[in-house]
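Chain by chain, the residues:
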Amino acid sequence: MMPTADSSSSPFDPLVVLELVSDTKEEAVTWLLSRIRDPPQIGGAGLLVEQLGPGVGAEEKDNPNLFLVGASLERLLSGAEDLGLFKEYNDGSMRGFTHSNKHNFKDFKGVSSEQLFCCNIIPGPVRHHLVH
């Protein structure tokens, strides 16, 4: 089962596991999660976050401050554009990636967020930019 950011959100592919020390103050956790979730227009990262549950039996964890962080496909594409990444265009030339022109780039059609990372369509610098 894939995690969801909240009950109204669609599932997302986690990209990062965030673990804070177990005695992190609740106010600090709340502030950090809001910075991760808030849209970029107001200073946030615009990412999706879900807290992992406590687990059961042998899988039980001591630290409640364990979170999965991911991004919507739209946010990943926006991050690629923000970074000015160059991708191969359908005509074979290299061009700066633009979200509005995404379907004109080679190997784009039908791409999932998992394929974006596996196939380096959206490489590591975007992941770094989105989560740092």
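Residues numbered from 1 in each chain as written. Predicted model: local features only at pLDDT ≥ 70, side-chain atom pairs only at ≥ 80, totals over all residues. Heavy atoms only, no water.

(A) Structural context of helix α1 (residues 26-37). A rise of 1.5 Å per residue sets the reference length of α1, with its 12 residues, at 16 Å; its end C-alpha atoms lie 16 Å apart and thus fit the reference within 8%. Here α1 has its buried residues at Val29, Leu33 and Ile36. Along the long axis of α1, the arc covered by the buried residues comes to 60°, so they all point the same way. Exposed residues on α1 whose side chains face more than 90 degrees from its buried face are Glu27 and Trp31. (Helix = DSSP H or I, 4+ residues; strand = E, 2+ residues; numbered from the N terminus. Expected span 1.5 Å × (residues − 1). Buried < 20%, exposed > 50% of the residue type's maximum accessible area, 1.4 Å probe, protein only. Arc of directions from axis to C-beta.)

(B) Inspection of the nonpolar core at higher detail. Membership of the largest hydrophobic core is limited to 11 residues, which are Leu20, Val29, Leu33, Ile36, Ala45, Leu47, Val49, Phe67, Val69, Ala71 and Leu76. Among the elements of the structure, α1 and β3 (66-70) are those that each provide at least two residues to this core. Element by element, the count of residues in this core is highest for α1, at 3 residues. Among the nonpolar cores identified, the runner-up in size contains 7 residues, and Ala80, Leu85, Tyr89 and Phe105 belong to it. (Core = buried A, V, L, I, M, F, W, Y, C linked by side-chain atoms within 4.5 Å.)

(C) Structural detail: the sheet that holds strand β2 (residues 48-51). Overall, antiparallel pairing links the 3 strands, which are arranged β1-β3-β2 in an open sheet. Edge strands, defined here as strands with exactly one partner in the open sheet, are β1 (14-19) and β2. Averaged over neighbouring strand pairs, the angle between their axes works out to 25° when direction is ignored. Sheet analysis places β1 next to β3, joined by 5 bridges and oriented antiparallel. (Pairing = 2+ DSSP bridges. Axes fitted to C-alpha atoms, helices over the stretch in contact; angles between N-to-C directions.)

(D) Seen up close, the environment of histidine 103. Within the secondary structure layout, histidine 103 lies in the loop between β5 (94-96) and α3 (113-118). Sequence separation between histidine 103 and asparagine 90 is 13 residues, and the spatial gap between their C-alpha atoms is 8.9 Å.

(E) Structural view of the pairing of β3. Counting buried residues along β3, 5 of its 5 residues qualify, which places the element largely inside the surrounding structure. By the bridge criterion, 4 bridges tie β2 to β3 in an arrangement that is antiparallel. Paired with valine 49 across the two strands is valine 69, which belongs to β3.

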